[in-house]
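Structural overview for review
As a plain string of letters, each chain reads:
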Amino acid sequence: MRDAYSVETVRAAERELMARLPPGTLMKRAAAGLAAACAGTLGRVRGRVYGSRVVLLVGSGDNGGDALFAGAYLARRGAGVTAVLLSPERAHGAGLAALRSAGGRAVAAPGAVVEGAPVDLPALLGRADLVLDGIVGIGGRGGLRPDAVEVWDVVRDAGVPVVAVDLPSGVDADTGEVRGVAVRATATVTFGAHKPGLLLAPAREHAGAVHLVDIGLGPYLAGTAPVARAPRHADVARLLPGPSAESDKYRRGVTGVAAGSARYPGAAVLAVAGALRGGAGAVRYAGPAADAVVARFPETLVSAGPPSAAGRVQAWVVGPGLGDDRAARETVRDVLAARVPVLVDADGLRLVDVERVRSRTAPTLLTPHAGEAAALLDGVPREEVESARLSSARELARRYRATVLLKGSTTVIAGPEEGPVLVNPTGTGWLATAGSGDVLSGLVGSLLAAGLSARDAAAVGAYLHGLAGRRAAPLAVATDVADALRPVWRDVAEGPRRPPRGREEGARGET
Ligand SMILES: NC(=O)C1=CN([C@@H]2O[C@H](COP(=O)(O)OP(=O)(O)OC[C@H]3O[C@@H](n4cnc5c(N)ncnc54)[C@H](OP(=O)(O)O)[C@@H]3O)[C@@H](O)[C@H]2O)[C@@H](O)CC1
Ligand SMILES: Nc1ncnc2c1ncn2[C@@H]1O[C@H](COP(=O)(O)OP(=O)(O)O)[C@@H](O)[C@H]1O
Ligand SMILES: [K+]
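Residues numbered from 1 in each chain as written. Chains lettered and ligands numbered in written order. Predicted model: local features only at pLDDT ≥ 70, side-chain atom pairs only at ≥ 80, totals over all residues. Heavy atoms only, no water.

**Focus: the overall build of the chain**
The helix and strand tally for the chain stands at 20 helices and 18 strands. By principal-axis analysis of the C-alpha atoms, the chain measures approximately 80 × 45 × 45 Å. Burial statistics for the chain: of 511 residues in total, 56% are counted as buried. Counted over contacts in the chain with a minimum sequence separation of 6, partners at least 24 positions apart contribute 69%. When the accessible surface of the chain is split by element, carbon and sulfur atoms take 51% of a total near 21,200 Å². Put simply, the chain has 59 plus and 51 minus side-chain charges, and the middle of one group is 4 Å from the middle of the other. (Helix = DSSP H or I, 4+ residues; strand = E, 2+ residues; numbered from the N terminus. Buried < 20%, exposed > 50% of the residue type's maximum accessible area, 1.4 Å probe, protein only. Contact = heavy atoms within 4.5 Å. Areas by Shrake-Rupley, 256 points an atom, 1.4 Å probe, with all protein chains shown as cover. Lys, Arg positive; Asp, Glu negative; His and termini not counted. Charge placed at Lys NZ, Arg CZ, Asp CG, Glu CD.)

Shown next, in the form of C-alpha cells:
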C-alpha cells in the first residue's frame, strides 16, 4: 500500500524527529533528495547538470527554503541557478545564503520589486532547462495568490519542465482540492510521506510523476493511521480469489445479477460480462433481459422471475439498466431483503431507501459516479463531489452505513467505519464510455460472491477494471474492458514482473 498522511500528522512526526536532530537537518535531507531528482531530470532533458539553467520559484516559507538549498546543490555541480523571490524580505535566510555562496543568484519577482528594473521573467524562463516550484507546500491555503499566478503564467507559457517541491503549489494537500490556480508539474518530489492530495484528483493531475524522499519520518508515523491508502499490484494479487483442489462451482461463489430491462438489455449483458470475470463459480441472472444475456453468455443461469426466486447466490448486484418503474423498485427491495452482500449501482441507487440500507445486516456496497453521489447527498452540486471526493465518499458511507465506491477520475472507496479511504491508482479516461460502469459492478459483485469483504472487493475490482481500461485503450468500449479482464487478472496474479512504464500503476509515476 502507498500510504498518505494528513498535514497535521506529517507535521507532528516532523516535530518529534526534529527535536532529536541538529537544526536544519531535515531541510537539508529534503533538499538533497530534491536536488538528486532534479539532477536526474536535467540529465534527461539536457544531458548533464553542468552548464544547465535552473530557475527556482521561491515563496516565503520552508518550501522555498527547500528549493534554495536544492538550488545550492545544483549550483555546486555547475548549473546556473537563479532564484525568483516572491517575497524577497521573507525568503529563507539560510537557504538564500547557501545558494549565493554556491554561485547562484536571486532576483525579485516582478510583483515584489519595490525599486530598480524588474527581472525579465519571460527571457529568464525562455533560457531555462528546469523550474523548481518552491512557492508553497504543506503550509498553503487555497489556490495561488495573484502575485504567484502572475509568475506561474509565465512559467506555463515557457513550457519548461517543472519539479514541484513537496506539492504542486496551490493544491490542497489534505483533500486533493484545487480552488483557483495551481502549478502543473512534470514531477513532484515529496518529503517524508505522501500527502492525500498527491493520490486524489484533481490535485494529482497537477503532480506528474511523484517521487518520495525518505527523510526519516517512518518510525514517527508508524503508530498513526493514514488518511488514504493506494493499493499496489502485490496488495491486489494477495486478495485475488481462486479455486482450491476441493472447489466446485458453488463453493467458489455464485453471483446474482438483477439488472437490465426491456429498454436497456445491454446493461444486463455487460454486468454479467463483468461478473463472469470476477472469480465466482457461476452467475445467475434474474430479470427481463434473460434472452439477451444467454445469447451472449450461454454459461449464465437465467430466470425471468424476481431475484428471491432465482436460487441461492452469495452476493447480488442490482441496478444497472433497471429503469425506474414499479418492477424496478420491487426488484431493488427484493434484493435488499436478501441476507447476502449486495452491490447497488446505477438506477438502483435512485431507488434505494436509506433506512432500508442502514438496517441491513449483510454488507451493502454502493457504487455511484459523482452525479449519483450528488443526488444521494441530497442534491449537492456534482462539482462539489468531484472536487472533494474523499469527504463525499466518507459522508455517503456514514449516512448509508455502507461501503461506497465513488467512481470517476479518481475512484475512492470508503467504509462505514472511520479509517483510511482507499484510492484506486489505476484507470484511464478511456473508461468514460457507456456501460463500463456496468462491467465494474458485475466484476465487484463477483468478488463479493467469491468471499471478499466489501472494501476488498471494491478495491480489487476498481484496480483490475482500471488496468483493463488501460489495456483496452485507446477507443475501448465496455465489452473490450470486460474482455481485457482475463489477461489483466493473469498479470496481477503472476506478479511481480515490472510493468512497462506508462501502462501500469506507475503510469502517473511513483518511485
Ligand atoms: N517541517 C519540516 O520539518 C520540514 C518541512 N519541509 C518543507 O517545509 C514546507 C512547509 O513549510 P512552511 O510550514 O513554512 O509552509 P510553506 O508551505 O512554505 O508555506 C507557507 C508560506 O506560503 C505562503 N502561502 C500560503 N498560502 C499560499 C498561497 N495559496 N499562495 C502563495 N503563498 C501562500 C504563506 O504566506 P503568508 O500567509 O505567511 O503570507 C507562508 O509564508 C513543506 O511543504 C516542505 O517543503 C521540508 O524541509 C522537510 C522538513
Ligand atoms: N475521467 C475518468 N478517468 C478515469 N476513469 C473514469 C473517468 N470517467 C469515468 N471513469 C470510470 O469509468 C466508469 C464509468 O462508469 P459509469 O459512470 O457508471 O458509466 P456507465 O453508467 O455508462 O457504465 C467508472 O469505472 C469510472 O470510474
Ligand atoms: K511547492
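Let's pick the thread back up.
**Here's the deal with the sheet that holds strand β2 (residues 53-58)**
The strand order across the open sheet formed by seven strands is β4-β3-β2-β5-β6-β7-β8, and the pairing between neighbours is parallel. Since the sheet does not close on itself, it has two edges, and those belong to β4 (105-108) and β8 (209-213), each with one partner. Averaged over all pairs of adjacent strands, the angle between strand axes in this sheet comes to 20 degrees, irrespective of strand direction. In the sheet, β2 pairs with strand β3 (residues 80-85) via six bridges, with the strands oriented parallel. Note that in β3 the partner of V58 across the bridge is L85. Most of the contacts of helix α2 (residues 25-46) go to strand β5 (residues 130-134), to which it runs at about 155 degrees, and overall it touches β2, β5, β6 (162-165), β7 (187-191) and β8. (Pairing = 2+ DSSP bridges. Axes fitted to C-alpha atoms, helices over the stretch in contact; angles between N-to-C directions.)

**Description of the site of ligand 1**
The full set close to ligand 1 counts 24 residues, and E14, S60, D66, G137 and D166 are the nearest of them. G139 is positioned such that a nitrogen or oxygen atom in its backbone is 2.9 Å from an oxygen atom of ligand 1. A distance of 2.7 Å separates a nitrogen atom of ligand 1 from a polar atom in the backbone of G143. Looking at the shell around ligand 1, the elements with two or more residues in it are α1 (7-18), α2 and α3 (62-76). Here the shell around ligand 1 is built from residues that sort into eight nonpolar, eight polar and eight charged. (Near = heavy atom within 4 Å. Polar contact = N/O pair within 3.5 Å; in protein donor to acceptor, adjacent residues only side chain to side chain. Nonpolar A, V, L, I, M, F, W, Y, C, P; charged D, E, K, R; others polar.)

**A few points about the coordination of the potassium ion (ligand 3)**
Donor atoms from the polypeptide that coordinate the potassium ion (ligand 3) comprise N63 (OD1), D133 (O), V136 (O), V165 (O), L167 (O) and S169 (OG), at 2.6 to 2.9 Å from the metal. The coordination sphere of the potassium ion (ligand 3) comprises six donor atoms, whose angles at the metal cover 65 to 172 degrees; the geometry is irregular. Sequence positions of the donors to the potassium ion (ligand 3) reduce to the motif N-x69-D-x2-V-x28-V-x1-L-x1-S. One end of the pair, N63, is in helix α3; the other, S169, is in the loop between β6 and β7, with 106 residues separating them in the sequence. Relative accessible area serves as the criterion here: at 9%, N63 is assigned to the buried category. (Donors = N, O, S within 2.8 Å, 3.2 Å for Na, K, Ca; no water. Tetrahedral: all angles 85-135°; square planar, octahedral: opposite > 155°, others 65-115°.)

**Examining the site of ligand 2**
Near ligand 2 there are 17 residues, and of these K407, G408, L431, G435 and G437 occur at the shortest range. One nitrogen or oxygen atom from the side chain of T411 is found 3.3 Å from an oxygen atom belonging to ligand 2. Looking at side-chain class alone, the shell around ligand 2 contains four nonpolar, 11 polar and two charged residues.

**Brief notes about the pattern of salt bridges**
Note on pairing: side chains with opposite charge can pair once their charged atoms come close. What the rule picks out here adds up to 20 salt bridges. Across the pair K195 and D166 runs a salt bridge whose closest N-O atoms are separated by 3.1 Å. Highlighted residues: K195 in the loop between β7 and α7 (203-207) and D166 in the loop between β6 and β7, separated in sequence by 29 residues. Judged by its relative accessible area of 1%, K195 falls in the buried class. D166 gets classed as buried once you look at its relative accessible area, which sits at 7%. In this structure, D483 and R277 form a salt bridge, with 3.7 Å as the shortest nitrogen-oxygen distance. Separated by 206 residues along the polypeptide, D483 in helix α20 (residues 478-494) and R277 in the loop between α10 (265-275) and β11 (282-286) bring together distant segments of the chain. (Salt bridge = Lys/Arg side-chain N within 4 Å of Asp/Glu carboxyl O.)

**Quick notes on the domain arrangement of the chain**
What the domain assignment lists for the chain is domain 1 (2-229) and domain 2 (233-495). In this structure, domain 1 and domain 2 have C-alpha centres spaced 41 Å apart. In this assembly, domain 1 packs against domain 2 so that about 1,200 Å² is buried in total across both faces, 53% of it on carbon and sulfur atoms. On the domain 1 side of the interface with domain 2, the three residues burying the most area are L200, R204 and R229, jointly 39% of the side's total. (Domains from an automatic or database assignment. Buried area = accessible area lost by both parts, 1.4 Å probe.)

**Section: unusual backbone geometry**
For the bond from A201 to P202, the omega torsion is 0 degrees, close enough to zero to count as cis. In this model, A473 is joined to P474 through a cis peptide bond whose omega is -5 degrees. Mapped onto the fold, P474 is located in the loop between α19 (454-472) and α20. Despite not being glycine, D378 shows a phi value in the positive range, around 60 degrees. Considering the arrangement of structural elements, one finds D378 in the loop between α15 (370-376) and α16 (382-387). Owing to a relative accessible area of 64%, D378 belongs among the exposed residues under this scheme. The backbone of R401 shows a phi angle near 45 degrees, a positive value even though the residue is not glycine. Relative to the helices and strands, R401 is located in the loop between α17 (389-400) and β16 (403-406).

**Description of the packing of aromatic side chains**
Enumeration over the complete set of coordinates arrives at zero aromatic pairs. For R76, the ring lying beneath its charged end belongs to Y73, and the centroid distance is 5.5 Å. (Phe/Tyr/Trp six-rings, centres within 6.5 Å; stacked < 30°, edge-to-face > 60°. Lys NZ or Arg CZ within 6 Å of the ring centre and 35° of its normal.)

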